[in-house]
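Notes for the structure review
Here is what each chain is made of, one letter per residue.
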Amino acid sequence: MTLNPPPSQQTPQSPRRIPNRRVLIVGNYCHDVLIQNGSVVAETLGGAASFISNVLDSSSVSCELVSKVGHDFRYEVIHSPIVAPDKETTIFEAYFDLGIDGIGHADRVLKRVSACDPILPSDIPDSRFDFGMAVGVGGEILPETLEKMVEICDVVAVDIQALIRVFDPVDGAVKLVDLKESGFFHILHRIGFLKASSDEALFMDVEQMKQLCCVVVTNGEKGCRIYHMDDEMTVPPFLAKQVDPTGAGDSFLGGLVVGLVEGLTVPDAALLGNLFGSITVEHIGQPKFDLMMLQRVKDEVQKRKKQCNLSSSHKNDHNEFHERLSPARFSCVDSQLQPKLLVNGHSCDR
Ligand SMILES: Nc1ncnc2c1ncn2[C@@H]1O[C@H](COP(=O)(O)OP(=O)(O)O)[C@@H](O)[C@H]1O
Ligand SMILES: O=P([O-])([O-])O[C@@H]1[C@@H](O)[C@H](O)[C@@H](O)[C@H](O)[C@@H]1O
(Lines give C-alpha, C1' and ligand atoms only; values in the text may rest on other atoms or scores of the structure.)
(Ligands and ions follow the chains in the order given, each with its own letter.)
Protein backbone atom coordinates (compact mmCIF):
# COMPACT_ATOMS: atom_id res chain seq x y z
CA MET A 1 0.00 0.00 0.00
CA THR A 2 1.53 3.28 -0.99
CA LEU A 3 -0.95 5.66 0.53
CA ASN A 4 1.46 8.20 1.96
CA PRO A 5 0.88 11.81 2.99
CA PRO A 6 -0.35 13.69 -0.06
CA PRO A 7 1.93 15.92 -2.08
CA SER A 8 1.08 19.61 -2.20
CA GLN A 9 -1.18 19.62 -5.16
CA GLN A 10 -2.13 23.25 -5.19
CA THR A 11 -0.72 26.04 -7.32
CA PRO A 12 3.03 26.70 -7.11
CA GLN A 13 3.83 29.12 -4.33
CA SER A 14 6.00 32.19 -4.37
CA PRO A 15 8.97 32.01 -1.96
CA ARG A 16 7.51 32.19 1.53
CA ARG A 17 8.79 34.49 4.23
CA ILE A 18 6.08 33.63 6.72
CA PRO A 19 5.61 29.99 7.74
CA ASN A 20 2.22 28.49 6.95
CA ARG A 21 -0.39 28.43 9.65
CA ARG A 22 -1.53 24.92 10.42
CA VAL A 23 -5.19 24.15 9.69
CA LEU A 24 -8.05 26.25 8.35
CA ILE A 25 -11.56 24.94 9.06
CA VAL A 26 -14.43 26.44 7.05
CA GLY A 27 -18.06 25.61 7.88
CA ASN A 28 -20.90 26.99 9.97
CA TYR A 29 -21.62 26.09 13.56
CA CYS A 30 -25.21 25.09 14.02
CA HIS A 31 -27.79 24.27 16.64
CA ASP A 32 -28.73 20.58 16.62
CA VAL A 33 -32.12 19.56 17.95
CA LEU A 34 -32.49 15.83 18.59
CA ILE A 35 -36.06 14.61 18.43
CA GLN A 36 -37.41 11.20 19.37
CA ASN A 37 -41.06 10.10 19.56
CA GLY A 38 -42.17 13.68 18.98
CA SER A 39 -40.18 15.12 21.91
CA VAL A 40 -36.97 17.12 21.98
CA VAL A 41 -34.48 14.93 23.82
CA ALA A 42 -31.44 17.18 23.45
CA GLU A 43 -30.23 20.47 22.02
CA THR A 44 -26.54 20.71 21.31
CA LEU A 45 -23.86 22.65 19.51
CA GLY A 46 -23.45 21.11 16.07
CA GLY A 47 -21.88 21.59 12.67
CA ALA A 48 -18.91 19.66 11.35
CA ALA A 49 -16.67 22.64 12.18
CA SER A 50 -17.50 22.32 15.89
CA PHE A 51 -16.78 18.56 16.07
CA ILE A 52 -13.58 18.91 14.05
CA SER A 53 -12.19 21.85 16.03
CA ASN A 54 -12.96 19.91 19.21
CA VAL A 55 -10.71 17.07 17.97
CA LEU A 56 -7.95 19.42 16.77
CA ASP A 57 -7.99 21.58 19.93
CA SER A 58 -7.95 18.47 22.14
CA SER A 59 -4.98 17.16 20.16
CA SER A 60 -3.11 20.51 20.40
CA VAL A 61 -3.16 21.05 16.63
CA SER A 62 -3.47 24.77 16.02
CA CYS A 63 -6.38 25.73 13.83
CA GLU A 64 -8.29 28.75 12.63
CA LEU A 65 -12.02 28.48 12.05
CA VAL A 66 -14.31 30.50 9.78
CA SER A 67 -17.96 30.09 10.63
CA LYS A 68 -21.11 32.23 10.53
CA VAL A 69 -23.90 32.25 13.07
CA GLY A 70 -26.93 34.43 13.77
CA HIS A 71 -27.88 36.73 16.66
CA ASP A 72 -29.40 33.72 18.47
CA PHE A 73 -26.18 31.65 18.69
CA ARG A 74 -26.16 30.25 22.18
CA TYR A 75 -22.87 28.48 22.78
CA GLU A 76 -19.51 29.56 24.13
CA VAL A 77 -16.85 28.39 21.72
CA ILE A 78 -13.06 28.66 21.54
CA HIS A 79 -13.06 29.91 17.94
CA SER A 80 -15.40 32.89 17.68
CA PRO A 81 -17.73 32.85 14.69
CA ILE A 82 -18.71 35.81 12.52
CA VAL A 83 -22.12 36.99 13.74
CA ALA A 84 -24.69 37.99 11.09
CA PRO A 85 -26.95 40.14 13.33
CA ASP A 86 -29.99 40.01 11.05
CA LYS A 87 -29.83 36.24 10.58
CA GLU A 88 -30.57 33.14 12.61
CA THR A 89 -28.05 30.40 13.28
CA THR A 90 -28.35 27.32 11.07
CA ILE A 91 -30.58 24.79 12.83
CA PHE A 92 -30.80 21.08 12.10
CA GLU A 93 -33.51 18.89 13.52
CA ALA A 94 -32.51 15.23 13.67
CA TYR A 95 -35.44 12.82 13.93
CA PHE A 96 -34.49 9.43 15.30
CA ASP A 97 -37.79 7.63 14.71
CA LEU A 98 -38.80 8.35 11.13
CA GLY A 99 -37.10 5.43 9.38
CA ILE A 100 -34.74 6.00 6.47
CA ASP A 101 -33.82 9.63 5.77
CA GLY A 102 -33.17 11.32 2.43
CA ILE A 103 -29.48 10.57 2.79
CA GLY A 104 -29.92 6.91 3.64
CA HIS A 105 -29.27 6.84 7.40
CA ALA A 106 -31.56 4.25 8.91
CA ASP A 107 -31.44 5.99 12.26
CA ARG A 108 -31.68 9.69 11.51
CA VAL A 109 -33.77 12.01 9.36
CA LEU A 110 -32.19 15.44 9.07
CA LYS A 111 -34.02 18.69 8.38
CA ARG A 112 -32.40 22.08 8.04
CA VAL A 113 -35.01 24.37 9.57
CA SER A 114 -32.99 27.58 9.45
CA ALA A 115 -29.93 28.60 7.42
CA CYS A 116 -27.36 31.27 8.24
CA ASP A 117 -25.42 33.14 5.56
CA PRO A 118 -22.93 31.43 3.25
CA ILE A 119 -19.20 31.82 3.84
CA LEU A 120 -17.69 34.04 1.16
CA PRO A 121 -14.09 34.07 -0.11
CA SER A 122 -13.69 37.49 1.55
CA ASP A 123 -14.54 35.90 4.95
CA ILE A 124 -11.45 33.68 4.68
CA PRO A 125 -8.03 35.05 5.71
CA ASP A 126 -5.45 35.62 3.00
CA SER A 127 -2.71 33.74 4.89
CA ARG A 128 -1.35 30.37 3.79
CA PHE A 129 -2.24 27.12 5.60
CA ASP A 130 -0.86 23.58 5.56
CA PHE A 131 -4.36 22.10 5.56
CA GLY A 132 -7.77 23.44 4.68
CA MET A 133 -10.99 21.67 5.65
CA ALA A 134 -14.18 22.48 3.69
CA VAL A 135 -16.80 21.17 6.07
CA GLY A 136 -20.14 22.89 5.52
CA VAL A 137 -23.38 21.30 6.67
CA GLY A 138 -26.14 23.61 5.46
CA GLY A 139 -24.99 24.67 1.99
CA GLU A 140 -22.79 27.51 3.30
CA ILE A 141 -19.74 26.62 1.20
CA LEU A 142 -19.92 28.09 -2.29
CA PRO A 143 -17.78 27.01 -5.28
CA GLU A 144 -15.86 30.31 -5.01
CA THR A 145 -15.23 29.61 -1.30
CA LEU A 146 -13.67 26.24 -2.13
CA GLU A 147 -11.66 27.87 -4.93
CA LYS A 148 -10.15 30.33 -2.46
CA MET A 149 -9.35 27.46 -0.08
CA VAL A 150 -7.43 25.47 -2.70
CA GLU A 151 -5.49 28.62 -3.53
CA ILE A 152 -4.33 29.35 0.03
CA CYS A 153 -3.97 25.83 1.47
CA ASP A 154 -1.30 23.27 0.56
CA VAL A 155 -3.79 20.41 0.94
CA VAL A 156 -7.57 20.63 1.18
CA ALA A 157 -9.78 17.95 2.74
CA VAL A 158 -13.45 18.16 1.77
CA ASP A 159 -16.47 16.56 3.38
CA ILE A 160 -18.75 15.65 0.47
CA GLN A 161 -21.77 16.73 2.55
CA ALA A 162 -20.61 20.32 2.09
CA LEU A 163 -21.00 19.91 -1.69
CA ILE A 164 -23.94 17.64 -2.44
CA ARG A 165 -26.64 18.55 0.11
CA VAL A 166 -29.83 20.23 -1.08
CA PHE A 167 -32.75 21.16 1.14
CA ASP A 168 -36.45 20.64 0.60
CA PRO A 169 -38.00 24.12 0.17
CA VAL A 170 -41.00 23.19 2.34
CA ASP A 171 -39.64 21.25 5.33
CA GLY A 172 -35.86 21.55 4.88
CA ALA A 173 -35.35 17.76 4.57
CA VAL A 174 -31.80 16.99 3.48
CA LYS A 175 -31.45 15.35 0.06
CA LEU A 176 -28.31 14.63 -1.91
CA VAL A 177 -27.41 15.36 -5.54
CA ASP A 178 -24.75 13.65 -7.62
CA LEU A 179 -21.31 15.17 -7.15
CA LYS A 180 -21.09 15.85 -10.90
CA GLU A 181 -24.21 18.03 -10.68
CA SER A 182 -23.09 19.81 -7.52
CA GLY A 183 -21.41 22.82 -9.13
CA PHE A 184 -18.09 21.90 -7.45
CA PHE A 185 -16.85 19.18 -9.76
CA HIS A 186 -14.47 21.41 -11.73
CA ILE A 187 -12.49 22.22 -8.55
CA LEU A 188 -12.08 18.68 -7.29
CA HIS A 189 -8.85 17.88 -9.14
CA ARG A 190 -7.24 20.46 -6.84
CA ILE A 191 -8.25 18.91 -3.52
CA GLY A 192 -6.24 16.33 -1.55
CA PHE A 193 -8.94 14.34 0.28
CA LEU A 194 -12.62 13.72 -0.25
CA LYS A 195 -14.47 12.14 2.69
CA ALA A 196 -17.93 10.59 2.34
CA SER A 197 -20.07 8.28 4.44
CA SER A 198 -21.04 5.06 2.68
CA ASP A 199 -24.50 6.51 1.95
CA GLU A 200 -23.03 9.67 0.47
CA ALA A 201 -20.49 7.69 -1.57
CA LEU A 202 -23.41 6.47 -3.70
CA PHE A 203 -23.57 10.01 -5.10
CA MET A 204 -20.08 9.97 -6.60
CA ASP A 205 -18.08 7.78 -8.96
CA VAL A 206 -15.38 6.48 -6.59
CA GLU A 207 -13.39 4.98 -9.49
CA GLN A 208 -13.19 8.39 -11.11
CA MET A 209 -12.66 10.42 -7.94
CA LYS A 210 -9.80 8.23 -6.68
CA GLN A 211 -7.82 9.28 -9.75
CA LEU A 212 -8.21 12.93 -8.70
CA CYS A 213 -7.63 12.73 -4.94
CA CYS A 214 -7.56 10.38 -1.98
CA VAL A 215 -11.13 9.20 -1.30
CA VAL A 216 -12.09 8.07 2.21
CA VAL A 217 -15.42 6.32 2.68
CA THR A 218 -16.53 5.87 6.29
CA ASN A 219 -18.76 2.97 7.17
CA GLY A 220 -19.97 3.35 10.76
CA GLU A 221 -19.01 0.46 13.04
CA LYS A 222 -17.09 -1.18 10.18
CA GLY A 223 -14.41 1.54 10.05
CA CYS A 224 -13.47 3.07 6.71
CA ARG A 225 -11.99 2.35 3.30
CA ILE A 226 -9.38 4.46 1.52
CA TYR A 227 -9.00 4.71 -2.24
CA HIS A 228 -6.22 6.41 -4.14
CA MET A 229 -5.21 5.70 -7.73
CA ASP A 230 -4.82 1.89 -7.89
CA ASP A 231 -4.53 1.39 -4.12
CA GLU A 232 -7.34 0.72 -1.73
CA MET A 233 -7.58 -0.67 1.75
CA THR A 234 -9.92 -1.08 4.70
CA VAL A 235 -8.93 0.55 7.98
CA PRO A 236 -10.38 -1.32 10.98
CA PRO A 237 -12.76 0.25 13.50
CA PHE A 238 -12.63 0.50 17.29
CA LEU A 239 -15.41 -1.00 19.39
CA ALA A 240 -17.96 1.49 20.68
CA LYS A 241 -21.30 1.59 22.45
CA GLN A 242 -23.26 3.94 20.20
CA VAL A 243 -25.53 6.46 21.88
CA ASP A 244 -25.84 9.07 19.11
CA PRO A 245 -24.17 8.89 15.67
CA THR A 246 -24.16 12.69 15.23
CA GLY A 247 -20.71 14.07 14.52
CA ALA A 248 -18.96 10.70 14.03
CA GLY A 249 -18.01 11.52 10.45
CA ASP A 250 -16.85 14.99 11.50
CA SER A 251 -14.69 13.70 14.36
CA PHE A 252 -13.35 11.05 12.00
CA LEU A 253 -12.20 13.80 9.62
CA GLY A 254 -10.69 15.72 12.53
CA GLY A 255 -8.71 12.65 13.59
CA LEU A 256 -7.56 12.00 10.02
CA VAL A 257 -6.21 15.54 9.72
CA VAL A 258 -4.54 15.38 13.15
CA GLY A 259 -2.73 12.26 11.92
CA LEU A 260 -1.71 13.87 8.63
CA VAL A 261 -0.48 17.03 10.37
CA GLU A 262 1.59 14.82 12.70
CA GLY A 263 3.15 13.21 9.61
CA LEU A 264 1.48 9.79 9.77
CA THR A 265 0.75 7.83 6.58
CA VAL A 266 -2.82 8.04 5.31
CA PRO A 267 -3.87 4.58 6.66
CA ASP A 268 -2.43 5.39 10.10
CA ALA A 269 -4.11 8.80 10.06
CA ALA A 270 -7.40 7.14 9.08
CA LEU A 271 -6.98 4.87 12.09
CA LEU A 272 -6.86 7.98 14.30
CA GLY A 273 -10.01 9.10 12.45
CA ASN A 274 -11.72 5.82 13.39
CA LEU A 275 -10.61 6.29 16.99
CA PHE A 276 -12.13 9.78 17.33
CA GLY A 277 -15.26 8.71 15.40
CA SER A 278 -15.80 5.75 17.74
CA ILE A 279 -15.52 7.92 20.86
CA THR A 280 -17.94 10.48 19.43
CA VAL A 281 -20.80 7.98 18.92
CA GLU A 282 -20.75 7.27 22.65
CA HIS A 283 -21.85 10.85 23.43
CA ILE A 284 -24.70 13.17 22.78
CA GLY A 285 -23.24 16.38 21.40
CA GLN A 286 -19.58 17.30 21.62
CA PRO A 287 -17.44 14.64 23.29
CA LYS A 288 -15.00 15.74 25.96
CA PHE A 289 -11.95 13.62 25.31
CA ASP A 290 -10.29 12.06 28.31
CA LEU A 291 -6.90 13.73 28.98
CA MET A 292 -5.16 10.45 29.75
CA MET A 293 -6.46 8.94 26.54
CA LEU A 294 -5.25 11.97 24.55
CA GLN A 295 -1.79 11.73 26.11
CA ARG A 296 -1.56 8.00 25.35
CA VAL A 297 -2.62 8.60 21.77
CA LYS A 298 0.01 11.35 21.40
CA ASP A 299 2.69 9.02 22.78
CA GLU A 300 1.64 6.21 20.44
CA VAL A 301 1.69 8.59 17.46
CA GLN A 302 5.26 9.66 18.29
CA LYS A 303 6.36 6.02 18.73
CA ARG A 304 4.70 5.07 15.47
CA LYS A 305 6.49 7.85 13.59
CA LYS A 306 9.86 6.80 14.96
CA GLN A 307 9.19 3.17 14.09
CA CYS A 308 8.15 4.05 10.53
CA ASN A 309 11.25 6.21 10.06
CA LEU A 310 13.50 3.37 11.19
CA SER A 311 11.91 0.54 9.24
CA SER A 312 9.89 0.70 6.05
CA SER A 313 8.21 -2.64 6.94
CA HIS A 314 6.22 -0.86 9.65
CA LYS A 315 4.76 1.62 7.23
CA ASN A 316 2.15 -0.71 5.82
CA ASP A 317 1.37 -2.72 8.92
CA HIS A 318 -1.07 -0.40 10.59
CA ASN A 319 -2.73 -3.34 12.40
CA GLU A 320 0.06 -3.08 14.94
CA PHE A 321 -0.74 0.61 15.44
CA HIS A 322 -4.41 -0.36 15.87
CA GLU A 323 -3.49 -2.86 18.59
CA ARG A 324 -1.51 -0.23 20.44
CA LEU A 325 -4.21 2.42 20.19
CA SER A 326 -7.00 0.11 21.40
CA PRO A 327 -5.95 0.00 25.07
CA ALA A 328 -5.52 3.79 24.98
CA ARG A 329 -9.10 4.08 23.76
CA PHE A 330 -10.45 1.64 26.33
CA SER A 331 -8.70 3.24 29.24
CA CYS A 332 -10.91 6.19 28.40
CA VAL A 333 -14.15 4.19 28.06
CA ASP A 334 -13.63 2.51 31.42
CA SER A 335 -13.31 5.82 33.20
CA GLN A 336 -16.40 7.35 31.58
CA LEU A 337 -19.70 7.92 33.29
CA GLN A 338 -22.76 7.39 31.15
CA PRO A 339 -23.55 10.52 29.11
CA LYS A 340 -26.60 12.51 30.15
CA LEU A 341 -29.14 13.80 27.66
CA LEU A 342 -28.91 17.51 27.04
CA VAL A 343 -31.79 19.85 27.34
CA ASN A 344 -31.81 23.54 26.43
CA GLY A 345 -28.21 23.69 25.38
CA HIS A 346 -26.53 22.81 28.68
CA SER A 347 -23.22 21.15 28.15
CA CYS A 348 -22.78 17.41 28.47
CA ASP A 349 -21.44 16.38 31.86
CA ARG A 350 -19.50 13.18 31.98
N1 LIG B 1 -20.98 2.28 16.01
C2 LIG B 1 -19.71 2.60 15.78
N3 LIG B 1 -18.71 1.90 16.36
C4 LIG B 1 -17.40 2.23 16.16
N5 LIG B 1 -17.00 3.25 15.37
C6 LIG B 1 -17.95 3.98 14.75
C7 LIG B 1 -19.34 3.70 14.91
N8 LIG B 1 -20.04 4.59 14.18
C9 LIG B 1 -19.13 5.39 13.59
N10 LIG B 1 -17.88 5.04 13.92
C11 LIG B 1 -16.61 5.67 13.49
O12 LIG B 1 -16.91 6.96 12.96
C13 LIG B 1 -16.65 7.00 11.55
C14 LIG B 1 -17.72 7.83 10.86
O15 LIG B 1 -18.98 7.25 11.06
P16 LIG B 1 -20.07 7.13 9.89
O17 LIG B 1 -21.32 6.65 10.54
O18 LIG B 1 -19.52 6.32 8.78
O19 LIG B 1 -20.17 8.64 9.38
P20 LIG B 1 -21.34 9.73 9.45
O21 LIG B 1 -21.42 10.17 10.88
O22 LIG B 1 -20.86 10.82 8.57
O23 LIG B 1 -22.57 9.04 8.94
C24 LIG B 1 -16.58 5.54 11.09
O25 LIG B 1 -15.74 5.39 9.97
C26 LIG B 1 -16.02 4.87 12.33
O27 LIG B 1 -14.62 5.01 12.37
O1 LIG C 1 -23.07 13.32 11.96
P2 LIG C 1 -22.25 13.84 10.82
O3 LIG C 1 -22.83 13.43 9.50
O4 LIG C 1 -20.81 13.58 10.97
O5 LIG C 1 -22.37 15.46 10.84
C6 LIG C 1 -23.54 16.14 11.31
C7 LIG C 1 -24.18 16.86 10.17
O8 LIG C 1 -24.59 15.89 9.23
C9 LIG C 1 -25.40 17.62 10.64
O10 LIG C 1 -25.94 18.39 9.59
C11 LIG C 1 -25.05 18.59 11.77
O12 LIG C 1 -26.23 19.20 12.22
C13 LIG C 1 -24.37 17.83 12.89
O14 LIG C 1 -24.01 18.72 13.92
C15 LIG C 1 -23.16 17.11 12.39
O16 LIG C 1 -22.20 18.02 11.91
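Structure shown above.
Residues numbered from 1 in each chain as written. Chains lettered and ligands numbered in written order. Predicted model: local features only at pLDDT ≥ 70, side-chain atom pairs only at ≥ 80, totals over all residues. Heavy atoms only, no water.

1. Some remarks on the site of ligand 2
Selection rule: Think of it this way: one heavy atom of a residue within 4 Å of a molecule or strand is enough to make that residue near it. In protein, a polar contact requires one atom able to donate a hydrogen and another able to accept it; more generally it is a pair of N or O atoms within 3.5 Å, and residues adjacent in sequence count only if both atoms are side-chain atoms. To measure how exposed things are, a 1.4 Å probe is used in the Shrake-Rupley method; for residues, cover is taken only from the protein chains shown.
Around ligand 2 lies a shell of 18 residues, among which Asp 32, Gly 47, Arg 165, Gly 247 and Asp 250 are the nearest. A distance of 2.5 Å separates an oxygen atom of ligand 2 from a polar side-chain atom of Asp 32. Between ligand 2 and Gly 247 there is a distance of 2.6 Å, counted from an oxygen atom to a backbone nitrogen or oxygen. Burial of ligand 2 by the protein amounts to 95% of the accessible area it has alone, namely 370 Å².

2. Some points on the packing of helix H1 (residues 48–58) against helix H5 (residues 248–261)
Test applied: Orientation is described by axes fitted as lines to C-alpha atoms, over the contacting stretch for helices, and by angles from 0 to 180 degrees between their N-to-C directions. A helix here means a DSSP run of H or I that spans at least four residues, while a strand means a run of E at least two residues long, and both kinds are numbered starting from the N terminus. If an angle is under 35 degrees, it is roughly parallel; if it is over 145, roughly antiparallel; if it lies from 65 to 115, roughly perpendicular; otherwise it is oblique. Note on convention: the crossing is left-handed when the near helix lies turned anticlockwise from the far helix by less than a right angle, right-handed when the turn is clockwise. Should any heavy atoms of two residues lie within 4.5 Å, those residues are considered in contact. Put simply, Ala, Val, Leu, Ile, Met, Phe, Trp, Tyr, Cys and Pro go in the nonpolar bin, Asp, Glu, Lys and Arg in the charged bin, and everything else, Gly too, in the polar bin.
Their axes nearest at 8 Å, the elements H1 and H5 cross at an angle of 40 degrees. Judged by the inter-axis angle, H1 sits oblique to H5. You can see that H1 and H5 cross each other, and the crossing is right-handed. Contact residues: H1 offers Ala 48, Phe 51, Ile 52, Val 55 and Leu 56, while H5 offers Asp 250, Ser 251, Leu 253, Gly 254, Gly 255 and Val 258. When the residues that make up the contact of H1 with H5 are grouped by side-chain class, the tally is seven nonpolar, three polar and one charged.

3. Focus: the sheet that holds strand S7 (residues 90–95)
How we decide: Strand pairing is assigned whenever DSSP identifies at least 2 bridges connecting the two strands.
The sheet built from four strands is open, its strands ordered S3-S2-S7-S8 with mixed pairing. Looking at which strands have only one partner, the edges of the open sheet turn out to be strand S3 (39–46) and strand S8 (109–114). Between one strand axis and the next, the sheet turns by 25 degrees as a mean value, whatever way the strands run. Taken together, the five bridges between S7 and S8 define a ladder with antiparallel strand orientation.

Worth remembering: the numbers are spatial, not functional.
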